[in-house]
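Observations on chain architecture
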Amino acid sequence: MFNDIGALELVALVVLAVLIFGPDKLPKVIQDATRFIRKIREFSESAKQDIRSELGPEFKDFEFEDLNPKAFLRKQLNENEDLKELKDLRSSFDLKKEMNEVADAVNSKESGTSVPAAVNGSPGTPDLLKKREKLDQDERPPFDADAT
């Protein structure tokens with residue numbers, strides 16, 4: 001329950017409890033808290049037993065911890081006989097190698113490829129990326145439906 005509390009944090013909690021409740025009332029507060037926690041645990045265990053009895057004999061080995069997705073997957077993978085195949089598959093997939101291959105492909109494409117003819121402005125094709133400075137004398141400006 002308190003797996004991630006360090007020693008310094010625990011000492012700070014004890015000092016805080018002594019300051020809040022005082023040394024006279026602290027044992028009574030601790031007894032009340034432990035009694036409350038025991039009652040909650042008993043209530044949850046009885047609720048689990050009631051649910052198990054209502055589910056029937058086919059769910060006799062049902063554990064409520066299996067409802068946690070991580071625990072369920074871990075249990076299924078441990079029971080699986082094809083675990084060796086899964087480990088082989090995991091070891092064959094090297095993310096760094098894949099990322100390096102993609103980066104090399106992108107870098108070589110940027111440095112060593114030619115620009116398409118429509119963008120390059122080869123003879124006979126208009127350069128669609130270059131903006132014209134002036135319109136012809138009787139030419140109307142182009143209509144842009146997105147701009148209006």
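1. Quick word on the overall build of the protein
Each helix and strand in the protein was counted, giving five helices and zero strands. Mapped from its N terminus to its C terminus, the protein presents α and β elements in the order α-α-α-α-α. Accessible surface, the protein as shown: approximately 14,400 Å² in total, 59% of it carbon and sulfur.

2. Quick notes on the pattern of salt bridges
This model, assessed by the stated rule, comprises three salt bridges. We note a salt bridge from Lys 28 to Asp 32, for which the minimum N-O separation is 3.3 Å. Of the two residues, Lys 28 and Asp 32 are both situated in helix H1 (residues 7-55); the distance of four residues between them amounts to about one turn of the helix. According to the relative accessible area criterion, Asp 32 is partly exposed, its value standing at 32%. With a closest N to O distance of 3.9 Å, Lys 48 and Glu 45 form a salt bridge. On the criterion of helical spacing, the pair formed by Lys 48 and Glu 45 is a turn pair, its members being three residues apart in helix H1. Via salt bridges that share partners, Lys 28, Asp 32 and Arg 35 belong to a single interconnected network.

3. Details of H1
Here H1 spans only 43 Å end to end across 49 residues, well under the 72 Å set by a 1.5 Å rise per residue. Of all the bends in H1, the greatest reaches close to 100° and is centred on Gly 22; the proline Pro 23 follows between one and four positions later. Residues of H1 that are buried: Gly 22, Leu 26 and Arg 52. Looking one or two residues past H1, Gly 56 carries a phi angle of roughly 105°, positive in sign.

4. Description of a nonpolar patch on the surface
Together, Leu 10, Leu 13, Val 14, Leu 16, Val 18, Ile 20 and Phe 21 line one region of the surface with nonpolar side chains, adding up to about 630 Å² of accessible area. We classify Val 14 as partly exposed; its relative accessible area is 47%.

5. Observations concerning a negative patch on the surface
A cluster of acidic side chains, namely Asp 94, Glu 98, Glu 101 and Asp 104, defines a negative patch on the protein surface. Among the structural elements, Asp 94 can be located in the loop between helix H3 (83-92) and helix H4 (95-112).

The rules we used
- Residues numbered from 1 in each chain as written.
- Predicted model: local features only at pLDDT ≥ 70, side-chain atom pairs only at ≥ 80, totals over all residues.
- Heavy atoms only, no water.
- Helix = DSSP H or I, 4+ residues; strand = E, 2+ residues; numbered from the N terminus.
- Areas by Shrake-Rupley, 256 points an atom, 1.4 Å probe, with all protein chains shown as cover.
- Salt bridge = Lys/Arg side-chain N within 4 Å of Asp/Glu carboxyl O.
- Buried < 20%, exposed > 50% of the residue type's maximum accessible area, 1.4 Å probe, protein only.
- Expected span 1.5 Å × (residues − 1).
- Bend = angle between axes of the 7 residues up to and from the residue.
- Patch = residues over 30% accessible without salt bridge, like charges linked within 9 Å, V, L, I, M, F, W, Y side chains within 5 Å.
- Lys, Arg positive; Asp, Glu negative; His and termini not counted.
- Charge placed at Lys NZ, Arg CZ, Asp CG, Glu CD.

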